[in-house]
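Commentary on secondary and tertiary structure
This is what each chain is made of:
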Amino acid sequence: MNKLMTDVHEILLTREEIEDKVQELGKTLAAEYYDKRPLLVCVLKGALIFMADLSRAMNIPLEVDFMAVSSYGVSTKSSGVVRILKDLETSIEGRHVLIVEDIIDTGLTLNYLIENLKFRKPASLKICTLLDKPSRRRVQLQPDYCGFVIPDEFVIGYGLDFSEIYRNLPFIGVLKPEAYQ
Ligand code: IMP
């Protein structure tokens, strides 16, 4: 077995389950935004693979842009300190903006991002997250579109990392505790 696989405790969501859900979300979003030319804002780096698949599952005119914010660094705990590392290239004033996130955990990162983007006067601002861990929420925040609600476990794969590794796993798995302790 390769090194990536030996660090996986269990597979939480298979490649097929993710694919089906992304197609379903794409259809829903395409219907919602078909005449709105939405701007999909990918929150780097974790949402990169979800964004690539989701945007291709939306068969309508749309634009993409990217933001990078600091989150956990090399630990598995949220610090609550959010910094913009890379900002949008486009103005979002009057635009229909859809934030594409990999996971909402405490909600601190997204809460900050939403407040920041609201200031820029978008016509609408919604959140689409692949994963949601509501049990760990520290601020009131509800995604408009969500792929899967998951238990309080640290997950990796399909864009999600631990210490920058595992993003290229095609499924979402739970990391063995010994891999991060
Ligand atoms: P929050 O501010 O606690 O909601 O954290 C959001 C960010 O933390 C996500 O965009 C991820 O980058 C990262 N994160 C939270 N939970 C996990 C996890 O289980 N695995 C990998 N990254 C995570």
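Preceding this paragraph is the structure being described.
Residues numbered from 1 in each chain as written. Predicted model: local features only at pLDDT ≥ 70, side-chain atom pairs only at ≥ 80, totals over all residues. Heavy atoms only, no water.

**Thoughts on the overall build of the protein chain**
A count of helical and extended segments in the protein chain gives five helices and nine strands. Mapped from its N terminus to its C terminus, the protein chain presents α and β elements in the order α-β-α-β-α-β-β-β-α-β-β-β-β-α. Relative to the globule expectation of 16 Å for 181 residues, the C-alpha radius of gyration of the protein chain, 16 Å, shows essentially globular dimensions. For the C-alpha atoms alone, the extent of the protein chain along its principal axes is close to 50 × 35 × 25 Å. Taken over 181 residues, the protein chain has a buried fraction of 49%. Excluding contacts between residues fewer than 6 apart, the proportion of contacts in the protein chain whose partners are at least 24 apart in sequence is 67%. For the protein chain, the computed accessible surface area is about 9300 Å², with 51% contributed by carbon and sulfur atoms. Averaging the coordinates of the 22 positive side-chain charges in the protein chain and doing the same for the 26 negative ones gives two points 4 Å apart. (Helix = DSSP H or I, 4+ residues; strand = E, 2+ residues; numbered from the N terminus. Rg over C-alpha atoms; globule rule 2.2 N^0.38 Å. Buried < 20%, exposed > 50% of the residue type's maximum accessible area, 1.4 Å probe, protein only. Contact = heavy atoms within 4.5 Å. Areas by Shrake-Rupley, 256 points an atom, 1.4 Å probe, with all protein chains shown as cover. Lys, Arg positive; Asp, Glu negative; His and termini not counted. Charge placed at Lys NZ, Arg CZ, Asp CG, Glu CD.)

**Quick notes on the pattern of salt bridges**
On inspection of all chains with the given rule, the structure shows 15 salt bridges. One salt bridge connects Glu 24 with Lys 21, and the closest N-O pair in it is separated by 3.9 Å. Of this pair, Glu 24 and Lys 21 are both found in helix H2 (residues 15-33), three residues apart, which corresponds to roughly one turn of the helix. Lys 45 is the salt-bridge partner of Glu 164, the closest N and O atoms lying 3.0 Å from each other. Of this pair, Glu 164 sits in the loop between strand E8 (155-156) and strand E9 (172-175) while Lys 45 sits in the loop between strand E2 (39-44) and helix H3 (48-57), and the two are 119 residues apart along the sequence. What makes Glu 164 partly exposed here is its relative accessible area of 44%. For Lys 45, a relative accessible area of 44% gives the class partly exposed. Beyond isolated ion pairs, a larger network of salt bridges with shared partners links Lys 45, Asp 161, Glu 164 and Arg 167. (Salt bridge = Lys/Arg side-chain N within 4 Å of Asp/Glu carboxyl O.)

**Description of the nonpolar core**
If you look at the biggest cluster of nonpolar residues, it comprises 30 residues, and the most contacted ones within it are Phe 50, Leu 54, Leu 131 and Ile 172. For this core, the elements supplying multiple residues, two or more each, are H2, E2, H3, strand E5 (96-104), strand E6 (124-132), strand E7 (145-149) and E9. In terms of residues, this core owes the most to one element, H2, which gives six residues. Those residues in contact with Leu 54, other than ones at most four positions away along the chain, are Val 22, Leu 25, Gly 26, Leu 29, Val 100 and Cys 128. Counting 17 residues, the second-largest nonpolar core is a separate cluster that includes Val 41, Met 67, Ile 104 and Ile 127. (Core = buried A, V, L, I, M, F, W, Y, C linked by side-chain atoms within 4.5 Å.)

**Here's the deal with the site of the ligand**
Lining the immediate surroundings of the ligand are 18 residues, of which Asp 102, Thr 106, Gly 107, Thr 109 and Val 155 lie closest. Between the ligand and Asp 102 there is a distance of 2.8 Å, counted from an oxygen atom to a side-chain nitrogen or oxygen. At 3.5 Å, a backbone N or O of Leu 108 approaches an oxygen atom of the ligand. For the ligand, whose accessible area on its own is 490 Å², the fraction buried by protein is 94%. Among the secondary structure elements, those contributing two or more residues to the shell around the ligand are E5 and helix H4 (108-118). Among the elements that line the shell around the ligand, the one with the most residues is E5, at four residues. Looking at the shell around the ligand residue by residue, the classes come out as seven nonpolar, five polar and six charged. (Near = heavy atom within 4 Å. Polar contact = N/O pair within 3.5 Å; in protein donor to acceptor, adjacent residues only side chain to side chain. Nonpolar A, V, L, I, M, F, W, Y, C, P; charged D, E, K, R; others polar.)

**A closer look at the sheet that holds E8**
If you trace the three strands from one edge of the open sheet to the other, you get E1-E9-E8, paired in antiparallel fashion. Both edges of this open sheet fall to strand E1 (8-13) and E8, since each of them pairs with a single strand only. (Pairing = 2+ DSSP bridges.)

These values are about where atoms sit, not about what they do.
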